[in-house]
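# Remarks on the overall topology
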Amino acid sequence: MPSETVVTKEISYLDAITRALRDELQDDPSVFVMGQDIAEYGGAFKATRGFLAEFGPHRMVNTPISESGTIGMAVGAAMLGRRPVVEMQFADFISCGFNQVVNVAAKMFWRTGRPVPMVIRCPTGGGAGAGAFHSQCVEAWFLHTPGLKVVAPAWPSDAYALLRAAIRDPNPVLFFEHKHLYRRVKQSAESFEAARREAVIGSARIVRSGEDVTVIAYGWMTHTSLEAAEVVSRDGISVEVVDLRSLAPMDEGLILESIRRTGRAVIVHEACFTGGFGGEIAARIGEKAFEFLDGPIRRIAYPDHPVPYHRGLEAASIPSVERIADVIRDLRRW
Amino acid sequence: MHFFLRLAREWDLRFERLVRLGAVSKWYSSVGNEGVTVAAATAIEAGDALISLHRDSGAILRHYLDAGRLFPDLFPAVSQRRASQVEPRGILYRLACQMLGKANGFSAGRERSYHYSHFDEGAGIIHVGMISHLGAMIPVAAGLALAFKQRGSDRVAVNFVGEGGTSTGDFHEGLNMAAVLRVPFILIIENNGYAFSTPAREQYASQTLAERGAAYGIPGVRVDGCDVVRVHEEVARAVSRARRGEGPTLIEAVVGRMRGHSEGDDSIQLLDAAERQRHERSDPLARFERSLLEVGAATQKYLDDIAKCCAELIVETVDSAMKAPDPVPETPLGGIYAE
């Protein structure tokens, strides 16, 4: 809920990730963390600060700059019952380990019946003026690969619950944690405790109820969509916002249920337009809820170009509150 | 050791024949590589991990089977250290079914030939097969070794790769990480001089591949892969080092190119007659049998008897697997996700 972002005693999105990692490392001796600069340095974003002293070098495995080697080793360790959590320094770098993800990890259980319980944490997304290789949203590459689970939380409580669920899951899970939310999104200890029990992989959540238009989003865009919903509410438009949380498996039931009530669908993601996950959601709505639609399914996404370095150039491309609000108003006219 | 060299040879000869008869569509032959694979698997024990490619049937047969259980009359002493609970004819039948894509194969028809994995930890079998992308299993194998180390076990992981696979990024990343993390890992390069059609001189510019070991700070050993005794010595030494916590070893085993890339392609035609003759003369099985005869460790009759019973076992098993049920779309092997 939007109110969750403005409270006093707070747990940030990054705190929640740190807490989930610590709780799992404490609860399960087979869990360990692998990645670049994650041990003594505590990770590029300090998610594992202090963990080396707490858990030792066997549980906090610093690696060379070898994404493919690291992901491959995680697969091997997971096949013997270890539960590796691999940190990509930035989600962009997972391309260097692409084959290990899509051909080794994703297909292993189907090919051999041997589970691969591993997590790859992927700090994702833009908004920091970090250029084409530290800002991408690459989740769609993996949504086209059966065998992977893909989650993208928007709230600290979901980040906590989904990361713990991902570590306990017997499958490879890609955990897209949005860098822009790390320190900006916070929840009170009470709302964090209340909400964290509710998230499971594969379930979406209605984060704002409405009657006229359904906006489907995930990650940072959930927050932007909530702001847009607030803006258009002043025009008397009642917007429902569905936070997907889990992209694979996706909660198709909740999406369709919402569309059947509102009759209008807007899909928002920060990833590029063409081949983005919005296309898949739109197709499913078109196939399964066409008779309920009052207007065209609309997609709002990043334009089909790399992420520019200059903050102003970048900001012009990321879906904004105004752009989402305009599309909602336009769709409401149908 | 001789028994498994012969058994592996008969295995490949049978499938090569089935390709010629049109009963099998594709076969990547291990003929000529048995000296490396059988010797290497002889140097490991139950509970060690084997990570194989498509020319490693010798290692698989050696790791899965107990000669004494197969032929008690020929081998009265049953080894205690091998997969002692495994019924050898049963697992050999499953292996044959796997090669043929049958329902009783390890992957129930989902995966081709050597692309399967088989875990029977109770019996000490931890066997991970390949994917088609060469080099990709090197980090995975190093990860199995990492798990052993984290568990505080003294088990080791032994992985095979061809000389072509050494040109991949995963070779570098996997071996470097194994060295840095000092995991119990042995990487054996089966260097037969050709990757499909590409000769070694177009694959790498160094004199040897073993010398890369020094660059990773680990021992790099070059051995005649057709000399089974020498291969066994080197792998056993590497396994001991790994068990003592001294980290990985890179072994380059030089073998002959006795077959093409796959049966039915014409890649063997790239070799001129002289080179082909040289490779034929390097046959590790023939060489080992000659040495057994020379030192009086075996008679020709003994070798003939072993050859006969191996051939009969393989023909009988493979023929029986040919008649095994095919998988049907409903054959269960779990879904996309583990539960």
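Every value quoted in this text rests on a predicted model; they were computed, and no experiment measured them.

## Topic: the overall build of chain A
Looking only at helices and strands, one finds twelve helices and 14 strands in chain A. At 19 Å, chain A has a C-alpha radius of gyration in line with the 20 Å of a compact globule built from 334 residues. By its C-alpha atoms, chain A is 60 × 45 × 40 Å across when sized along the principal axes. Across the 334 residues of chain A, 56% fall into the buried class. Residue pairs at least 24 apart in sequence account for 81% of intrachain contacts in chain A once pairs closer than 6 positions are excluded.

## A few points about the sheet that holds strand β5 (residues 118–124) of chain A
All names here are of chain A. Read from one edge of the open sheet, seven strands run β3-β2-β4-β5-β7-β6-β12, paired in mixed fashion. Only two strands of the sheet have a single neighbouring strand rather than two, namely β3 (60–62) and β12 (246–248). When strand polarity is set aside, the average angle formed by the axes of neighbouring strands in this sheet is 20 degrees. Inspection of the sheet shows β5 paired to strand β7 (residues 172–178) by seven bridges, in the parallel sense.

## Quick word on the packing of helix α9 (residues 252–262) of chain A against helix α10 (residues 277–288) of chain A
All names here are of chain A. At a minimum axis separation of 11 Å, α9 and α10 run at an interaxial angle of 60 degrees. As judged from the angle between their axes, α9 and α10 are oblique. Seen along the crossing, α9 lies across α10 with a hand that is right-handed. Contact residues: Glu252, Ile255, Leu256 and Ile259 in α9; Ile281, Arg284, Ile285 and Lys288 in α10.

## Quick word on the interface of chain B and chain A
Counting from both sides, the interface comprises 33 residues of chain B and, opposite them, 32 residues of chain A. Put simply, the parts of the chain that give the side of chain B that touches chain A at least two residues each are β2 (117–120), α6 (137–151) and α7 (169–181) of chain B. For the side of chain B that touches chain A, the element with the most residues is α6 of chain B, which contributes nine residues.

## Describing the sheet that holds strand β3 (residues 125–128) of chain B
Residues and elements named next belong to chain B. Pairing is mixed across the open sheet formed by seven strands, whose spatial order is β2-β3-β1-β4-β5-β9-β8. A single partner strand is all that each edge strand has here, and the edge strands are β2 and β8 (220–224). This sheet shows a mean twist of 20 degrees between the axes of neighbouring strands, independent of strand direction. With five bridges connecting them, β8 and strand β9 (residues 249–254) associate as parallel partners. Note on β9: the bridge partner recorded for Gly220 is Leu250.

## Topic: the confidence of the model for chain A
In regions of low pLDDT, the predicted coordinates are not meant to be interpreted in detail. A residue-level look at chain A finds 98% of positions with pLDDT of 70 or above and a mean pLDDT of 96. Of the regions scoring below 50 in pLDDT, residues 1–7 of chain A engages in eleven contacts with residues more than four places distant in sequence or in other chains.

## Describing the pairing of strand β10 (residues 213–217) of chain A
Within a regular strand, the side chains alternate between the two sheet faces. Residue and element names in this part refer to chain A. Of all five residues that make up β10, five are buried, and the element is covered over most of its length. Bridge count between β10 and strand β11 (residues 239–243): five bridges; the pairing is parallel. Residue pairing in the sheet places Val213 in a bridge with Val239 of β11. The parallel pair β10 and β11, bridged by helix α8 (residues 220–233), forms a crossover whose chirality is right-handed. Pairing of β10 with strand β13 (residues 265–272) involves three bridges; the strand directions are parallel. Considered in β13, the bridge of Val215 is made with Val266.

## As for unusual backbone geometry
Residue and element names in this part refer to chain A. Residue Ala248 is joined to Pro249 through a cis peptide bond whose omega torsion reads -5 degrees. Here Pro249 shows up in the loop between β12 and α9. Although it is not a glycine, Asp37 sits at a positive phi angle of roughly 65 degrees. For Asp37, the position within the fold is in the loop between β2 (31–35) and α2 (51–55). Taking the C-beta count within 10 Å as the criterion, Asp37 has 15 such neighbours and is therefore assigned partly exposed. Phi is positive for Lys46, which is not a glycine, with a value near 65 degrees. If you trace the backbone, Lys46 turns up in the loop between β2 and α2.

## Structural notes on the domain arrangement of chain A
Residue and element names in this part refer to chain A. Assigned domains of chain A: these are domain 1 (11–196) and domain 2 (205–332). With centres defined by C-alpha atoms, the gap from domain 1 to domain 2 works out at 26 Å. Taken together, the contact between domain 1 and domain 2 spans 26 residues of the former and 23 residues of the latter. Mapped by element, the contributors of at least two residues to the side of domain 1 that touches domain 2 are α5 (139–143), β6 (149–151), α6 (156–168) and β7. The class makeup of the residues in the side of domain 1 that touches domain 2 is 14 nonpolar, nine polar and three charged.

## Some words on the packing of helix α1 (residues 2–20) of chain B against helix α11 (residues 284–294) of chain B
Residue and element names in this part refer to chain B. Contact geometry of α1 with α11 gives a least axis separation of 10 Å together with a crossing angle of 145 degrees. Taken as a pair, α1 and α11 cross one another with a handedness that is left-handed. Touching His2, Leu5, Arg6 and Arg9 of α1 are Pro284, Leu285, Phe288 and Leu292, all from α11. Classifying every residue of the contact of α1 with α11 gives five nonpolar, one polar and two charged.

## Re the pairing of β3 of chain B
All names here are of chain B. Burial along β3 is two-sided: the residues Ile125 and His127 and Ile126 and Val128 are all buried. Alignment of β2 against β3, held across four bridges, turns out to be antiparallel. Bridged to His118 within β3 is His127. Connecting β2 to the antiparallel partner β3 that follows it, the hairpin turn spans four residues, and Gly124 within it adopts a positive phi of roughly 85 degrees.

## As for the nonpolar core
Among soluble globular proteins, nonpolar side chains are generally buried collectively. Val75 and Ile328 of chain A together with Leu144, Ala145 and Ile186 of chain B are the most contacted members of the largest nonpolar core, which totals 203 residues. Summarising the domain contributions, this core has at least three residues from each of domain 1 (11–196) and domain 2 (205–332) of chain A. Not counting residues within four places of it along the chain, the set of residues in contact with Val75 of chain A comprises Gln100, Val104, Ala105, Met108, Val116 and Met118 of chain A together with Val140 and Gly143 of chain B.

How each quantity is defined
Residues numbered from 1 in each chain as written. Chains lettered and ligands numbered in written order. Predicted model: local features only at pLDDT ≥ 70, side-chain atom pairs only at ≥ 80, totals over all residues. Helix = DSSP H or I, 4+ residues; strand = E, 2+ residues; numbered from the N terminus. Rg over C-alpha atoms; globule rule 2.2 N^0.38 Å. Buried ≥ 20, exposed ≤ 12 C-beta atoms within 10 Å, placed from the backbone. Contact = placed C-beta atoms within 7 Å. Pairing = 2+ DSSP bridges. Axes fitted to C-alpha atoms, helices over the stretch in contact; angles between N-to-C directions. Parallel < 35°, antiparallel > 145°, perpendicular 65-115°, else oblique. Left-handed = near helix turned anticlockwise from the far one by under 90°. pLDDT = per-residue confidence, 0-100. Right-handed = clockwise from strand over helix to strand, strands pointing away. Domains from an automatic or database assignment. Nonpolar A, V, L, I, M, F, W, Y, C, P; charged D, E, K, R; others polar. Core = buried A, V, L, I, M, F, W, Y, C linked by C-beta atoms within 7 Å.

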